[in-house]
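Listed here are the chains, written in short residue letters.
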Amino acid sequence: MLDVLAVALGRLLRFLLRIVRPGGGSALPGVLVSKLAPGLLARSIGNLPQGLVVVSGSAGKSSTTQALVRILQLHGLRVFSNPSTANIKQGYFSSILTQGDWRGRLRYDIAVLEVDEGHGAMLVEDLKPRLAVLTNVLSDQLDRFVDPELVIEKLAKIAAPAGQVIFNADDPNLRSLGIQEGLSASLESTTGSEPRPKYALRFDSPAVEPSCAQIVGGEGYSVQLREHTISSSATSAPHAINDALALLAADQLVELDFKAVQSVLQDSKRVFARNEITEIQNRRVNLRLVQNPTSFQLNLDEISGDEQPLMLMAGSDIHDPSWLWTVDFSKLKRVDIVGGSNAFDLALRLSYDGVEIGLVEPSPTDAADKFLELAGDSPTILFSADAMRRVRRHLGLAK
Amino acid sequence: MITFFTFHPEHFNNNGDQGNLLVLEVEAKAAGAQLVPTTELEGADFVLFGDASRAAMRHYGEVLDSLAPVLVSRYQRGAATLVVGSCYERFAADLGIESQSMPRRSEFVSQDGFFGYRNTELDLPIVTRSGNFVATSLFGPFLAKNPEFLVQLLEGLGVEAKLSPARLEMIAEIQRRSIGG
């Protein structure tokens, strides 16, 4: 009865918020339901016949989750999942509001949830996943996590209650967990001159059992699983590793149809807002989400630097913007607009890399409007998650 | 020519602390001076010890301990030095600074004319200064965000700095938005 009431009130709040902020999303309905019916999530997930898979780690959670979801769907499973930017508790409750029935029950076969590494341990205590997939440990969000060693501890807690663990054996930090009877993917080689991925620093190299899947670089990337070789559209080793982890996880859940798997891993447009071309006011705008030094650098490496107009945004999700000083912006000649609540921090950083700045506009919505007024045939925005949400909501692009 | 020594910049750059060298280099260059690396800790014009992970602090622990006397000497002379975060915590006792554990503080702070972000469980003074020697719990671009000290530091290195008004405006905005200053 409480579940019914909580779902009804949560949906009403969601409806009202959509009237007040058309096209916008909000965490409030999820927060409300989690307060009114805290056991709803465990009950809804617990009723799924094939249980729960959680995906966690510093980076690559969304890519891995989405690849796994697609593979499972192509094998006929109905998969409950969460949007990539809703990977903490209230986000799951919000997903139940949008994907569950009037009692919050889920008409799905299995749940695959992207789990924030900071919140995951608390979550899995109740949910008891059958499978945990761990992507990597980076030196990331130090204002929040303090030190990578504390992230390793959190991932160990996420892995502990899982029936089985699948992990990236290329990362010595995950090898250090000493996971017994886990399944791992290893990076055998990268393509061309691409350097090997950089993980959180450690000075030892823990050994693990031989990996079940191997990632091989050459002309492009491919994943080898038993006698099968599946080529991937991944353009970097970290993305290819994510593919291999998704493949390994799917292999534990369904009898794989490798043609279906191939179609997923070769799809080049797989992750929302990581590198997306969206039509806005009759212009094709390139949207790129940058969440940490690694993803900011990867995105900068991928663009030419001559895009016009170009906007960089650092929103309020960046609590301590100091890490912007670990990113190399020197390839940029000019940034037309620097936006977001940390715009001045970003602008200061850019100025010391010799980048010309057109305008600094802390308001994300004003920055977006001014950006769309600028001429240029390759409009491109790099934004942090908070700035992305605000801009998408303002432009009616919220999903 | 200004010589600088930086301790393992590949690992002691947790929060962009090595960006302080970029700031120094850009401002020195604008004033006609050049920054040149040296392996001489004692004789370097400027020295930087950035913040590092627990793994790095363990790995380099003995080396850091062996460098403490030189750092103390620089402290006593007020020689241009910046010691940040975990290195500040490690060298604090050598510098004669007492500290106690406290609940973790992750926040922007402004105190005694210095501004920045700290994330610590020790109640060390936010900045310990002797002349142009600064040990601080403020991470990242300390020099970029503390222009008054930057000018004094550059003057101490024989450079007459003229910071750009545009940057000074940005710094004022950053402070205003972070701590309402």
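Structure's up top.
Conventions and cut-offs
- Residues numbered from 1 in each chain as written.
- Chains lettered and ligands numbered in written order.
- Predicted model: local features only at pLDDT ≥ 70, side-chain atom pairs only at ≥ 80, totals over all residues.
- Heavy atoms only, no water.
- Helix = DSSP H or I, 4+ residues; strand = E, 2+ residues; numbered from the N terminus.
- Rg over C-alpha atoms; globule rule 2.2 N^0.38 Å.
- Contact = heavy atoms within 4.5 Å.
- Areas by Shrake-Rupley, 256 points an atom, 1.4 Å probe, with all protein chains shown as cover.
- Lys, Arg positive; Asp, Glu negative; His and termini not counted.
- Charge placed at Lys NZ, Arg CZ, Asp CG, Glu CD.
- Buried area = accessible area lost by both parts, 1.4 Å probe.
- Salt bridge = Lys/Arg side-chain N within 4 Å of Asp/Glu carboxyl O.
- Polar contact = N/O pair within 3.5 Å; in protein donor to acceptor, adjacent residues only side chain to side chain.
- Nonpolar A, V, L, I, M, F, W, Y, C, P; charged D, E, K, R; others polar.
- Core = buried A, V, L, I, M, F, W, Y, C linked by side-chain atoms within 4.5 Å.
- Buried < 20%, exposed > 50% of the residue type's maximum accessible area, 1.4 Å probe, protein only.
- Pairing = 2+ DSSP bridges.
- Axes fitted to C-alpha atoms, helices over the stretch in contact; angles between N-to-C directions.
- Patch = residues over 30% accessible without salt bridge, like charges linked within 9 Å, V, L, I, M, F, W, Y side chains within 5 Å.

### A closer look at the overall build of chain A
A count of helices and strands for chain A gives 15 helices and 15 strands. Relative to the 2.2 N^0.38 estimate, which gives 21 Å for 399 residues, the radius of gyration of chain A is 21 Å and therefore close to what a compact globule would have. In terms of its C-alpha atoms, chain A occupies a principal-axis envelope of roughly 55 × 55 × 40 Å. Contacts in chain A between residues at least 24 apart in sequence constitute 73% of all its contacts with a sequence separation of at least 6. Here chain A has roughly 16,400 Å² of accessible surface; of this, 51% comes from carbon and sulfur atoms. Distance between charge centres in chain A, computed from 40 positive and 46 negative side chains, equals 8 Å.

### As for the interface of chain A and chain B
Each partner contributes residues to the interface: chain A has 29 residues there, and chain B has 34 residues. Both faces considered, chain A and chain B share a buried interface measuring about 2,700 Å² in area, 63% of it formed by carbon and sulfur atoms. Of all residues in chain A, Phe203(A), Trp325(A) and Tyr352(A) give up the largest surface area on contact with chain B, accounting jointly for 26% of the area buried on that side. Applying the counting criterion to the chain A and chain B interface returns two salt bridges. Residues Lys145(B) and Asp345(A) are paired through a salt bridge, measuring 2.8 Å at the closest nitrogen-oxygen approach. Scanning the region where chain A abuts chain B turns up seven residue pairs in polar contact (both at pLDDT 80 or more). Taken together, the elements giving at least two residues each to the side of chain A that touches chain B come down to α7 (142-145), α8 (148-159) and α13 (343-352) of chain A. Ranked by the residues each element gives to the side of chain A that touches chain B, the list is headed by α13(A), at seven residues. When the residues that make up the side of chain A that touches chain B are grouped by side-chain class, the tally is 15 nonpolar, six polar and eight charged.

### Focus on the environment of Asp369(A)
Its place among the elements puts Asp369(A) in helix α14 (residues 364-373). Sequence-wise, Asp369(A) and Val391(A) are 22 residues apart; in three dimensions their C-alpha atoms are separated by 9.2 Å.

### Here we look at the nonpolar core
Core analysis: the biggest nonpolar cluster contains 60 residues, and Phe296(A), Leu312(A), Phe329(A), Leu332(A), Phe46(B) and Leu143(B) have the highest contact counts within it. Looking at which element gives the most residues to this core, the answer is α13(A), with seven residues. If we ignore the near neighbours within four places in the chain, the residues touching Leu312(A) are Phe296(A), Phe329(A), Leu332(A), Val335(A), Ile337(A), Val338(A), Gly339(A), Leu346(A), Leu350(A) and Leu382(A). Core analysis: the second largest hydrophobic core is formed by 44 residues, Val53(A), Leu183(A), Leu225(A) and Leu253(A) among them.

### Focus: the sheet that holds strand β11 (residues 283-289) of chain A
Hydrogen bonds between backbone atoms are what pair the strands of a sheet, whose relative direction is either parallel or antiparallel. Residues and elements named next belong to chain A. In space, the six strands of this open sheet follow the order β10-β11-β15-β12-β13-β14, with mixed pairing throughout. Each edge of the sheet is formed by a strand with only one pairing partner; in this case those strands are β10 (276-280) and β14 (356-361). Between one strand axis and the next, the sheet turns by 25° as a mean value, whatever way the strands run. Running over the sheet, α13 touches β12 (310-313), β13 (334-339) and β14 and is turned about 170° from β14. Relative to the sheet, α14 contacts β10, β11, β12, β13, β14 and β15 (380-383), its axis offset from that of β12 by approximately 170°.

### Concerning a nonpolar patch on the surface
Residue and element names in this part refer to chain A. Residues Leu2, Leu5, Leu9, Leu12, Phe15, Leu16, Ile19, Val20 and Leu36 make up a contiguous nonpolar surface patch of roughly 840 Å² in combined accessible area. With eight residues, the single largest contributor to the nonpolar patch is helix α1 (residues 2-20). With respect to the element layout, leucine 2 can be found in helix α1.

### Regarding the pairing of strand β1 (residues 52-56) of chain A
Residues and elements named next belong to chain A. Of all the five residues making up β1, five are buried; the element is thus mostly covered by neighbouring parts of the structure. Bridge count between β1 and strand β3 (residues 110-114): four bridges; the pairing is parallel. Bridge assignment links leucine 52 to a residue of β3, and that residue is alanine 111. Here four bridges tie β1 to strand β4 (residues 131-134), and the two strands are oriented parallel to one another. Paired with valine 54 across the strands is alanine 132, a residue of β4.

### Some words on the sheet that holds strand β6 (residues 183-187) of chain A
Residues and elements named next belong to chain A. If you walk across this open sheet you meet the nine strands as β2-β3-β1-β4-β5-β6-β7-β8-β9, and the pairing is mixed. Each edge of the open sheet carries a strand with a single partner, namely β2 (79-81) and β9 (228-232). Across the sheet, the mean angle separating the axes of adjacent strands is 15° when strand polarity is ignored. In terms of strand pairing, β6 meets strand β7 (residues 213-217) through three bridges, oriented parallel. In the sheet register, serine 186 faces β7, and the bridge partner there is glutamine 214. Packed on one face of the sheet, α8 meets β1, β4 and β5 (164-168) and runs near 155° to β4.

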